Amino acid sequence: MIHTSSTMCTPTVTEVPRHIAIIMDGNGRWAESRRLPRVSGHVKGLETVKIITKSCTMRNIKFLTLFAFSPENWRRPIDEVSFLMRLFISALEREIAHLYTNNIRLRVVGDLSMFEPRIQDLVQNAEAKTASNTGLILTIAANYGGRWDILQATRKIAQQCVDDNSIQSVNESNFSQYLAMAYAPEPDLFIRTGGEQRVSNFLLWQLAYTEFYFTGVFWPEFNDMELGKAIASYCGRERRFGRTGEQLTRKSQNIDALLC
Ligand code: IPE
Ligand code: IPE
Ligand code: MG
């Protein structure tokens, strides 16, 4: 399915967000505030991943995208990085059966070539095993960077131009087909836990018209109630996509839809 671009065509706004993207931040500070090692925050954070995945299923969210590891996170102390890798392996090994039986489709986006072969194999198996599931599409962004994504899309387009011996017409609608998450609509709601108010190289292209929600709650303490607050905030927003507020109340918006 080809999803429309929010800049080329005014999107239809659904009552419940179709796609929620989350920067799961604050694991380390949660642990430090309890005088625990930072990594115990990551262990607890994995429990929150399970809780929020279930919440999104119950709330009929179609796409949930979680930022698990950025290319800049390789700059962390080696012990923390290797702990995160082991945690990723154990989550992939232990949770796939559960995702499968709950009709959840798992996808992993990012430059996986940087991971050890075992992780790459586990990801491939997990994606294949859940490929025919029709419920929530859970995407884990691992070694994913928004700039990496835009660059890899650009390289694919350039290669296609060489192969076709023609200059392909690239525009804001078809560019997204080359991005790692071409299968998903642009996020409706972006959540960042942990108090920071920045994008940290997450979905740079796709966040063009996403609604942002920041909370000081650390990821290990985020739960269904906090998710509910974020969704309630989203429901109170007026998504204008460049139009005036008055236009939204007029029936003429249907004409906009016809023009797409
Ligand atoms: C997010 O929590 C998890 C990853 C980046 C892997 P942090 O580890 O960044 O936690 P803080 O921001 O240091 O508290
Ligand atoms: C963003 O968190 C990346 C992930 C949650 C995976 P960071 O904790 O790495 O972000 P910065 O460094 O504070 O911007
Ligand atoms: Mg952080």
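In this numbering scheme, every chain counts its residues from 1 along its sequence in written order. Starting at A for chains and at 1 for ligands, labels are handed out in the order in which the entities are written. Two thresholds apply to this predicted model, a pLDDT of at least 70 for residue-level local features and 80 or more for giving and counting side-chain atom pairs, whereas whole-chain, interface and lining totals are computed over all residues. Only hydrogens and water are removed before side-chain values are computed, so all heavy atoms of the structure are retained for them.

As annotated in an unreviewed UniProt entry, the chain is Isoprenyl transferase from Candidatus Vallotiella hemipterorum. The Subunit (unreviewed entry) comment attached to the chain in UniProt states, word for word, "Homodimer." UniProt positions are given in the numbering used here, feature names are shortened, and annotations may be inferred rather than shown by experiment. What UniProt records for the chain under Function (unreviewed entry) is the sentence "Catalyzes the condensation of isopentenyl diphosphate (IPP) with allylic pyrophosphates generating different type of terpenoids."

Draft legend 1. A look at the site of ligand 2. It suffices for a single heavy atom of a residue to lie within 4 Å of a molecule or strand for the residue to be listed as near it. Taken together, the neighbourhood of ligand 2 is formed by Ile23, Met24, Asp25, Phe67, Ala68, Phe69, Ser70, Asn73, Arg76, Arg192, Arg198 and Ser200. Arg192 has a polar side-chain atom sitting 3.2 Å from an oxygen atom of ligand 2. Definition of a polar contact: a pair of N or O atoms within 3.5 Å, with one able to donate and the other able to accept a hydrogen when the atoms are protein atoms, and with sequence-neighbouring residues admitted only if both atoms are side-chain atoms. In the environment of ligand 2, an oxygen atom lies 2.8 Å from a nitrogen or oxygen atom belonging to the side chain of Arg198. For every accessible area listed, the method is Shrake-Rupley and the probe measures 1.4 Å; residues are considered covered only by the protein chains on display. Notes on ligand 2: free accessible area 390 Å², of which the protein chains cover 78%. The greatest single-element share of the shell around ligand 2, amounting to 3 residues, is contributed by strand β2 (residues 63–69). A class-by-class count of the residues in the shell around ligand 2 yields 5 nonpolar, 3 polar and 4 charged. Each helix is a run of DSSP H or I of at least 4 residues and each strand a run of E of at least 2, with the numbering of both proceeding from the N terminus. Residue type decides the class: Asp, Glu, Lys and Arg count as charged, Ala, Val, Leu, Ile, Met, Phe, Trp, Tyr, Cys and Pro as nonpolar, and the leftover types, Gly among them, as polar.

Draft legend 2. The arrangement of the UniProt feature "active site" (unreviewed entry) in the chain in detail. Residues annotated in UniProt with the feature "active site" (unreviewed entry) correspond here to Asp25 and Asn73. Spatially, the listed residues are clustered: although they cover 49 residues, their C-alpha atoms lie within 12.1 Å of one another. With respect to the secondary-structure elements, Asp25 resides in the loop between β1 (19–23) and α1 (27–33). Between two residues, a contact is recorded if the distance between any of their heavy atoms is within 4.5 Å. Those residues within four positions of Asp25 in sequence are excluded, and the remaining contacts are Arg192, Thr193, Gly194, Glu196, Val217, Phe218 and Trp219. A polar contact of 3.3 Å, which involves the side chain of Asp25, links it to the side chain of Arg29. With respect to the helices, strands and loops of the structure, Asn73 is situated in the loop between β2 and α3 (78–101). Remark: exposure states derive from per-residue accessible area (1.4 Å probe, protein chains only) relative to the maximum for the residue type, with buried under 20%, exposed over 50%, and partly exposed in between. Accessibility expressed as a relative area gives 17% for Asn73, which makes it buried.

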